[in-house]
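# Architecture and fold: a report
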Amino acid sequence: MGAPDCFKWNIRRISSAQSLKIDKVLLSGRYCYAPKEEPEFILPLNLKYYLAGLWESDGHIWIPKNNYISGKKYKPYFAITFAEEEYPLVLKLKSLIGGSIRHKKENHAYVLTIASKFELINIINVLNGCLRTPKINKFNALINWVNLEFGTTIIKHEADNSNYLHNAWLSGFIEGDGSFDIRVSQTNGTSTKNRVAARLRIEQRKFDPITGDSYLKVMSSIALALGVNLNYSKHNDNKEYFLISASSAKSRDIIEKYFLEFPLYSSKHLNYLDWLD
């Protein structure tokens, strides 16, 4: 019996409503089966890095402080949250990495959650070595829990320091913390024309709320890769954030070449296409 296929999906603009169509295009990934064990997911490098960036922007891990609470045994889980309109992407990711989907109607969101023993071990092996932000501390805490509880010997990798433009991590990170918009501002002097600029914005809090570690290194490196300066913003009860705003011809060229090789897979891809026009 042959191993089932692992698929890549391309998002295309179709119809005036800009709905999404997800095409199945074969990737080089595969499923490997060991005797009497659950399947181990082996994903292509680009998808591994994309998932890492996506989780570091919109994901979380919960680990119980006590495995037994009121007599009930609790286990950790790994989760990524998506806006409601990203349901096709949620389904596709579930078909690749497993897990369950919960619809949080009050928040207009879907949460993809991985909690079983084999799926937790698999997602750890997929993302280990691909992470960059302070969230790696929570990820490593999950590895510690899994090693202790299941008797595994998973090695914790250091944060990835590779070039941000050489893999799909930044694409996944922008899915959660990036946006495309059009900025209209007044020109100086007597001209009656306004200045119009298409921008990619990436915004992230200054400090991780759990560890207190700074996002300065990560955000500075992204800004440097895109050829722009790192700025700051304040909102949400005067909280401070790092802000990257890319609108120059130089940064636009870098961004266009990057997404050509490492595309977005959510509905944000449509915003990017409008940004290009």
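Report follows, based on the coordinates. (Residues numbered from 1 in each chain as written. Predicted model: local features only at pLDDT ≥ 70, side-chain atom pairs only at ≥ 80, totals over all residues. Heavy atoms only, no water.)

## Focus on the overall build of the protein
When helices and strands are counted, the protein shows 8 helices and 13 strands. Evaluated residue by residue, the protein yields a buried proportion of 44% over its 277 residues. Looking at the protein alone, contacts between residues at least 24 apart form 59% of all its contacts between residues at least 6 apart. (Helix = DSSP H or I, 4+ residues; strand = E, 2+ residues; numbered from the N terminus. Buried < 20%, exposed > 50% of the residue type's maximum accessible area, 1.4 Å probe, protein only. Contact = heavy atoms within 4.5 Å.)

## Notes on the sheet that holds strand S4 (residues 59-62)
In a beta sheet, neighbouring strands pair by backbone hydrogen bonds and run either parallel or antiparallel. Read from one edge to the other, the open sheet built from 4 strands follows the order S4-S7-S9-S8, with strand pairing classed as antiparallel. The sheet is open, and its two edges are formed by S4 and strand S8 (100-104), each paired on a single side. For this sheet the average axis-to-axis angle between neighbouring strands, irrespective of direction, equals 25°. Judged from the 4 bridges that link them, S4 and strand S7 (residues 77-83) form a sheet pairing that is antiparallel. (Pairing = 2+ DSSP bridges. Axes fitted to C-alpha atoms, helices over the stretch in contact; angles between N-to-C directions.)

## Overview of the layout of surface pockets
The computed volume of the largest pocket comes to approximately 200 Å³. In terms of lining residues, the largest pocket is bounded by 14 residues, among which Arg132, Asn161, Tyr164, Lys217 and Val218 are the most central. Counted by class, the lining of the largest pocket contains 5 nonpolar, 6 polar and 3 charged residues. (1 Å grid on protein atoms, 1.4 Å probe; cavity = no way out; pocket = protein on both sides within 12 Å on 5 of 7 lines; lining within 4 Å. Points joined across faces, edges and corners; volume = space filled by probe spheres on them. Nonpolar A, V, L, I, M, F, W, Y, C, P; charged D, E, K, R; others polar.)

## What about the packing of aromatic side chains?
Pairs of aromatic rings are described using the distance from one ring centre to the other and the angle between the two planes. One pass over the full model with this rule turns up 17 aromatic pairs. On the basis of an interplanar angle of 50° and a centroid distance of 5.6 Å, the ring pair of Tyr232 and Phe242 is categorised as tilted. Here the residue Tyr232 occupies a position in strand S12 (residues 230-235), and Phe242 occupies one in strand S13 (residues 239-246), the gap between them amounting to 10 residues. The class of Tyr232 is exposed, set by a relative accessible area of 51%. Taken together, the ring pairs in this structure connect Phe180, Tyr258, Phe259, Phe262, Tyr272 and Trp275 into an aromatic cluster. Against the face of Phe118 rests Lys117, its NZ or CZ located 5.5 Å from the ring centre. (Phe/Tyr/Trp six-rings, centres within 6.5 Å; stacked < 30°, edge-to-face > 60°. Lys NZ or Arg CZ within 6 Å of the ring centre and 35° of its normal.)

Remember, this is a structural readout, not a statement about activity or role.
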